Amino acid sequence: MTDLKRKNNDNDAGSEGVLIASTTKRTKDESALVRGNVGGAVVKKVQRTSGLAAPIMLLTGHESEVFSAKFSPDGQSIASASFDRLVYLWNTYGDCKNYNVLRGHKGAVLEVQWSADGRRVYSASSDKMVAAWDVETGERIKKCKGHSSFVNTCDVSRSGTELAVSGGDDNKVFIWDIRQKNAAHIFTDKYQVTSVTFSKDSSLVFSGGIDNIIKAWDMRKPGVVSYSLAGHTDTITGLRVSPDGSSLLSNAMDNTVRVWDIKPFAAGSAGRMLKSFEGAPHGLEKHLLKPCWSSDGEFIAAGSADRSVVVWDANSNRIVYKLPGHKGCVTEVDWHPTEPIILSASNDKTLFLGEVNPAEVKSL
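Residues numbered from 1 in each chain as written. Predicted model: local features only at pLDDT ≥ 70, side-chain atom pairs only at ≥ 80, totals over all residues. Heavy atoms only, no water.

To continue, consider the overall build of the protein. A count of helices and strands for the protein gives one helix and 33 strands. Each of the 364 residues in the protein was classed as buried or not, and the buried ones make up 58%. A sequence separation of at least 24 residues applies to 49% of the contacts in the protein between residues at least 6 apart. Surface summary for the protein: the accessible area is close to 14700 Å², and the carbon and sulfur share equals 47%. (Helix = DSSP H or I, 4+ residues; strand = E, 2+ residues; numbered from the N terminus. Buried < 20%, exposed > 50% of the residue type's maximum accessible area, 1.4 Å probe, protein only. Contact = heavy atoms within 4.5 Å. Areas by Shrake-Rupley, 256 points an atom, 1.4 Å probe, with all protein chains shown as cover.)

The next subject is the packing of aromatic side chains. What the rule picks out here adds up to seven aromatic pairs. A ring pair is formed by Y88 and W90, whose centres lie 5.6 Å apart and whose planes are at 45°; its orientation type is tilted. Here the two residues Y88 and W90 agree in accessibility, since each one is buried. Between the NZ or CZ atom of R272 and the centre of the ring of Y227, over which it lies, the distance is 3.9 Å. (Phe/Tyr/Trp six-rings, centres within 6.5 Å; stacked < 30°, edge-to-face > 60°. Lys NZ or Arg CZ within 6 Å of the ring centre and 35° of its normal.)

This part takes up the pattern of salt bridges. A complete count under the given rule lists 14 salt bridges for this structure. Two residues, E162 and R120, come together in a salt bridge whose shortest N-O distance is 2.8 Å. Of this pair, E162 sits in the loop between β15 (151-156) and β16 (164-168) while R120 is found in strand β12 (residues 120-125), placing the two residues 42 residues apart along the sequence. Among the ionic contacts, a cluster of salt bridges with common partners joins K70, E111, R240, E332 and D334. (Salt bridge = Lys/Arg side-chain N within 4 Å of Asp/Glu carboxyl O.)

Let us look at the sheet that holds strand β26 (residues 273-278). The antiparallel open sheet is built from four strands, whose spatial order is β23-β24-β25-β26. Sheet topology places β23 (236-241) and β26 at the edges, where each strand pairs with a single neighbour. The mean angle between the axes of side-by-side strands here comes to 20°, regardless of whether they run parallel or antiparallel. (Pairing = 2+ DSSP bridges. Axes fitted to C-alpha atoms, helices over the stretch in contact; angles between N-to-C directions.)

Before going further, it helps to examine the pairing of strand β24 (residues 247-252). With six of its six residues buried, β24 lies for the most part within the structure. Taken together, the five bridges between β23 and β24 define a ladder with antiparallel strand orientation. The residue bridging R240 from the neighbouring strand is L249, located in β24. Counting the residues in the hairpin turn of β23 and β24 gives five residues, including G245, whose phi is positive at 80°. Across five bridges, the pairing between β24 and strand β25 (residues 256-261) is antiparallel. From the neighbouring strand, L248 faces β25, where its bridge partner is W260. In sequence, β24 turns back onto β25 through a hairpin of three residues, with N255 there showing a positive phi of about 70°.

Turning next to a positive patch on the surface. Taken together, the side chains of K106, R140, K143 and K145 present a region of like positive charge at the surface. With respect to the secondary-structure elements, R140 resides in strand β14 (residues 140-145). Overall, R140 belongs to the partly exposed group, its relative accessible area being 30%. (Patch = residues over 30% accessible without salt bridge, like charges linked within 9 Å, V, L, I, M, F, W, Y side chains within 5 Å. Lys, Arg positive; Asp, Glu negative; His and termini not counted. Charge placed at Lys NZ, Arg CZ, Asp CG, Glu CD.)

Next up on the list: unusual backbone geometry. Residues other than glycine seldom take positive phi values, yet N212 does so here, at roughly 75°. On the secondary structure map, N212 appears in the loop between β20 (204-209) and β21 (214-218).

A word on the state of the cysteines. Applying the stated criterion across every chain, the model contains zero disulfides. Here C144 is not cross-linked by a disulfide; its sulfur's nearest cysteine counterpart is in C154, at 9.7 Å. Look at C144 and you get buried, because its relative accessible area is 1%. (Disulfide = S-S within 2.5 Å.)

The next thing to look at is the confidence of the model for the protein. Of the residues in the protein, 86% have a pLDDT of 70 or more, and the chain-wide mean is 89. Note on residues 1-14: pLDDT is under 50 here. Beyond four places in sequence and across chains, it has 43 contacts. In the predicted structure, residues 20-38 sits below a pLDDT of 50 and forms 52 contacts with residues beyond four places in sequence or in another chain. (pLDDT = per-residue confidence, 0-100.)

Below, the discussion takes up the sheet that holds strand β27 (residues 292-293). Sheet architecture is open: four strands sit in the order β27-β28-β29-β30, paired in antiparallel fashion. Only two strands of the sheet have a single neighbouring strand rather than two, namely β27 and β30 (319-323). One ladder, built from five bridges, connects strand β28 (residues 299-303) with strand β29 (residues 309-313); its direction is antiparallel. Following the sheet pairing, G303 is matched in β29 by V309.

What follows is the structure in structure tokens.
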């Protein structure tokens, strides 16, 4: 495991980023001091790997627990969602300024997603609603009503017609087209739905819930489950399809993160589980912890109840980073689309941005 870890920090700068390891902006080719001086001599330097103003940035402003955070498709912006009923939009670079606040939900915002073109943000809330927002104006352009209980999760299609999917405590999976008044499709499960995601080509919707089973719903045959993925022994808390669309990443309250083969002609359901990762435990708070892939699919990451972000090598199962800094459970992590930057959200009301060095840990 590498020894390059984030420093804990007690600073609060309102709704802007706080520079943790540096006070001046540096280029990728410059080095950043991470261990200080001993007798005037530099103990250790690391090569900068991103365009962040500092190797670590702390984003503060939310007034309550942050449940979700995602990079925009171009990596220039961040959306975060909180128990304070607000969605914040931040700049990724510079001072990480909070440049907009999306107001309108009447309950905790449990997950946030960007549209494929980055022009809209979708949010799922305990107020039983999914909302679509115009990023440029900050206006809510659609209220998607239909759920009869908390909406735990949402996702947006990456190809074809822009669709959103949501899952809730009413045991329902809704498919939304914001051009239509009502839901395009409704899938009914037997149990509460805690996580949903589209396949890369949007032909399937994957859902997970309190029955510990991941279901693949066929969009061409609404209501039909193409196959199920069994293996987790507790509630599914997060799902994410790999960048190449061939694998599904899942996190669950059984304290494992798993990778599944979702290629169309893979072996039967029983043989689809490829790998299991450990090291990011869930806590008594029972948060829906959401994992992520790196942009090249070489690494996976997940937050933990032990207040750290855990990064594994997806091929070797080895933990390559365990990043501290948060003072509470890390609820979601996301990987920048073009740079080695990890975004983390926590119930300590903050977000962290931290750069990593994939080339270094691959060589260990």
